[in-house]
Amino acid sequence: MTRQALRKVSLAAAAAIILGIPVFVTSPTYLHILVLLFFYAYLTTSWNLVGGFAGVLPLGHSTFIGIGAYTSTILYLQYGISPWIGMIVGGFLATIVGVLIGLPTFKLRGAYFALATIAFAEAVRVIVENTDYLGPFKLNGPRGLQIPPLNVGFGNLLFNTKQPYYYIVVLMLFGVIALTYLVSRSKLGYYLNAGGEEPEAAMALGVNVARCKLMAMAMSSFLTALAGTFYAQFTLFIHPKSIISLDLSFEIAFIALIGGRGSIVGPLLGALLLRPVSDFSRIYLGAVLPGLHLIIFGIILILVMMFQPRGLHQPLARLYNWLIDRLIVERTVKLSPTKE
Amino acid sequence: MRILEAKRLSMRFGGLLAVDQLDLQIDEGQIFGLIGPNGAGKTTAFNCIAGVYQATSGEIFLHGESTSGQRPWDLCRKGLARTFQVVKPFATKTVLYNVAVGGFARTSVRARAEEKALEVLESLHLAEKKDALAGNLTIGERKRLEIARALATEPRLLLLDEVMAGLRPTEVDEMVRILKRLRDGGITIFLIEHIMRAVMSLSDRIVVIQYGKKIAEGTPREIASDENVIKAYLGEEYGAA
C-alpha cells in the first residue's frame, strides 16, 4: 500500500466513524452535544477561509450566522418558504454584507481589522435587539423568533429526532472541509497565503491582495450564513443574544487558534477539543460562576499558544505522518526480509 | 527597443523630495545599474517604477506605455518583476510554494505553476532546497529565492534591489554569473547595488543619483572617472585631488 492510499483509507475510516456515531450514541443529550460540536467545526472551517488563509482575524462572524438564521426563519414564518431556500437566500445576503464589510476594513492591518469587525457585529446586534419590524419583516427585537415544531420533514428542515440534524451538519462539515482543501491547493489559496504573510511581496508577484481577501470573505460569509439557518432549525428559537453575540464570534476564533489557523482540519480538531470542555464545564460548573467556560477556554488558549503557537494541528499532523511512515516501513520490511 | 523610460520623475514625501526630476532610458537586453549614496532615493525610484508609489510628478513608460495608475500586480502581468532590499519570503511556506506563487502569474493550474517554479529553482541552484521552509534559508539563499520568485512571473524587465548585499565574495561571483546568464536569456535587468566590483563588471550603463537627482550617467568606465561621482562617494576634498 502506498502512502497516498494509506492516507485515503485513514480519512475514509475517520469519515465512517463520524457517520456511524448515531448508530451507537442514541441519547438525545449526547447527540445534541455532538451536533453542536460539528456545527462549531463547520463554522470555524468556514471562518478559516478568511481568518486562516487570508491572515486577518475577523471577530464578527456572528453577523453572518445571524443573517442566515433570521433570513430563513422570517421567510419560513411569514411566507412559508422552505428553510432550504431561505438558507441560500441568507447565504447570498451574507455574502453581500461580507463584501461590504471587507471593502473598507481589509485596508486595516492586524488588530485594527479585528476591532472594526467587532464594532460592526456589535452594531448589528444592537440594531436587531432594538428593531421589532424591519419593513414588513418581523424581527421581534430582543425576544427573538420561535419556530413551531409543526410540519416536520426534510422539506422544512424540521425533525423530531436529533439524528437527521446530525447527518446534515456532518455532511455540511465534510463539504466545507473538501472546499477548503480544494481552495488551499488552488491559485486563490496560494495567493491568500502569500498576501496574508507578506502583502508587499505578494503584490509584486502579481497578487491583487485586496481582491483575493474579498473573494475569501465572500465565500466565508456565504458558508457561515448556511450554518445560521441550520442553527435556527435545530434549536427552533433564535434571539440576538444567542446568535449575533460576540461570544459566538470569539468562540469561533478560539477554536481556530487552538486547532490551527490556516490548516484544513485544524478547526475540526479545535472543536473536538474545546466543545466538550465548553459543554461539560457549563453543565457541571455553570452554577458556580457564569462564563466560567470562557475562562477555561482562555486558559487552554494560553497554554496552547505557549507550547504550540501554531495550534494543535501541527503536532497531531506530525504524529499522523509518523504513524503512516511506520506502517509503510513495517510493510516494506515484511515484503523484503532478505534486505537486512 | 526601449523597455523602460522615466521622464522627469519626482516623488515627494511631505517636505522631502526623495526623487527629483529623474530621467531614465533603459534599452532591452541591457544590465542597467543605479548607484548612489545611502538615502539617495534609489529604492524610492524603484517603488515608483514598480507601482508601489504613484509618482508625485513625471511619467513612466513600460514598453512605451504609460504606467500611471497601475498597481504592482498589473505591472507584474505586463512583465515587470522586482525583488526587495529587505527580503520578504513567505517564511512558513516551502521554497517551492514561494516560487509557485510567482508561477501563478501566468497560469491558473497548480501543476504548471509548480513546473515553472522547479525550472526556475534549477536554474538558480535552489532545487535541492525546494522542500525546505523559506524561513530556514541562509541569507544568500533568501536573496536567490527573491530572484527565483520574480523570475517565475516570467518578466521582461527585472528590478533587483541590492540582491548582493550581505553575500560572501564567492556568492557575489555566483550572483554575477546568474545575472549575466539571465541577461543573455533576454531579460533586461535594472539593479541597485552597493558592491562596486559587481556593478562595474555587470552593467552596460550606470546612472548615479544623489539627493534624488541624477549626477552622472554613462558606461562603468566613464562613471569610475567622473568627478561628481567621486565627490559624492568620497567627499569634496577627494574630488579636488
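Visitor: Help me understand the overall build of chain B in this model?
Guide: Helix and strand counts for chain B come out as ten helices and ten strands. Relative to the 2.2 N^0.38 estimate, which gives 18 Å for 241 residues, the radius of gyration of chain B is 18 Å and therefore close to what a compact globule would have. Seen along its three principal axes, the alpha-carbon backbone of chain B occupies a region of about 60 × 40 × 35 Å. In chain B, which comprises 241 residues, the share counted as buried stands at 46%. Counting contacts in chain B only where the partners sit at least 6 residues apart, residues at least 24 apart contribute 64% of the total.

Visitor: Teacher, can you tell me more about the overall build of chain A here?
Guide: When its secondary structure is counted, chain A shows 14 helices and four strands. When burial is assessed residue by residue, chain A has 45% of its 340 residues classed as buried. Here the analysis covers contacts within chain A between residues at least 6 apart in sequence; of these, 75% occur between residues at least 24 apart.

Visitor: How should I be thinking about the sheet that holds strand E3 (residues 31-35) of chain B in this particular structure?
Guide: Backbone-to-backbone hydrogen bonds pair the strands of a sheet. The strands run either parallel or antiparallel. Residue and element names in this part refer to chain B. Ordered by their spatial adjacency, six strands build an open sheet running E6-E7-E8-E3-E9-E10, and the pairing between neighbours is mixed. Two strands close off the open sheet at either side, each with one partner strand: strand E6 (80-82) and strand E10 (213-218). For this sheet, the mean inter-axis angle between neighbouring strands, taken without regard to orientation, is 15°. Bridge count for E3 against strand E8 (residues 188-192) is four bridges, and the pairing is parallel. Of the residues in E8, the one forming a bridge with Phe32 is Phe190. Here helix H6 (residues 169-184) sits on the sheet and contacts E3, strand E7 (157-161) and E8; the angle it forms with E8, its principal contact strand, is near 145°.

Visitor: I would appreciate a short explanation of the sheet that holds strand E1 (residues 2-13) of chain B in the present structure.
Guide: All names here are of chain B. Within the open sheet, the four strands sit side by side as E2-E1-E4-E5. Their pairing is antiparallel. Each end of this open sheet is capped by a strand with a single partner; those strands are strand E2 (16-27) and strand E5 (65-66). Bridge count between strand E4 (residues 57-62) and E5: two bridges; the pairing is antiparallel. From the neighbouring strand, Phe61 faces E5, where its bridge partner is Ser66. Here helix H1 (residues 42-49) sits on the sheet and contacts E1, E2 and E4; the angle it forms with E1, its principal contact strand, is near 115°.

Visitor: So what exactly am I meant to see when it comes to helix H4 (residues 110-123) of chain B here?
Guide: The α-helix advances 3.6 residues per turn, and as a result positions three or four apart in sequence lie on the same side. All names here are of chain B. Spanning 14 residues, H4 covers 20 Å between terminal C-alpha atoms, matching the ideal 20 Å at 1.5 Å per step. Among the residues of H4, Ala113, Glu114, Lys116, Ala117, Val120 and Leu121 are the ones counted as buried. The arc enclosing the buried residues of H4, seen along the axis, measures out at 160°, which places them on a common side. Where H4 is buried, its residues contact helix H3 (95-103) and helix H5 (139-152). Immediately beyond the C-terminal end of H4, within one or two residues, lies His125, with a positive phi of roughly 55°.

Visitor: Would you explain the interface of chain B and chain A in this entry?
Guide: When the parts of a complex come together, some accessible area is lost, and that lost area is often used as the size of the interface. With 21 residues of chain B in contact, the opposing surface of chain A contributes 18 residues. Contributions of two or more residues to the side of chain B that touches chain A are made by helix H2 (72-77) and H3 of chain B.

Visitor: Would you explain the packing of helix H3 (residues 62-79) of chain A against helix H5 (residues 110-129) of chain A in this entry?
Guide: The relative placement of two packed helices comes down to the angle between their axes together with the axis-to-axis distance. Residues and elements named next belong to chain A. Axis separation between H3 and H5 bottoms out at 9 Å; the angle between their running directions is 35°. Every residue of H5 that contacts H3 at Ser62, Thr63 and Gly66 is listed here: Phe120, Ala121, Val124 and Val128. Considered class by class, the residues forming the contact of H3 with H5 number four nonpolar, three polar and no charged.

Visitor: I keep staring at the domain arrangement of chain B and nothing clicks. Help me out?
Guide: All names here are of chain B. Under the domain assignment, chain B is made up of domain 1 (2-79 + 156-240) and domain 2 (89-154). Taken together, the contact pairs nine residues of domain 1 with nine residues of domain 2. Counting only elements with at least two residues in the side of domain 1 that touches domain 2, the list comes to H2 and H6.

What counts and how
Residues numbered from 1 in each chain as written. Chains lettered and ligands numbered in written order. Predicted model: local features only at pLDDT ≥ 70, side-chain atom pairs only at ≥ 80, totals over all residues. Helix = DSSP H or I, 4+ residues; strand = E, 2+ residues; numbered from the N terminus. Rg over C-alpha atoms; globule rule 2.2 N^0.38 Å. Buried ≥ 20, exposed ≤ 12 C-beta atoms within 10 Å, placed from the backbone. Contact = placed C-beta atoms within 7 Å. Pairing = 2+ DSSP bridges. Axes fitted to C-alpha atoms, helices over the stretch in contact; angles between N-to-C directions. Expected span 1.5 Å × (residues − 1). Arc of directions from axis to C-beta. Nonpolar A, V, L, I, M, F, W, Y, C, P; charged D, E, K, R; others polar. Domains from an automatic or database assignment.

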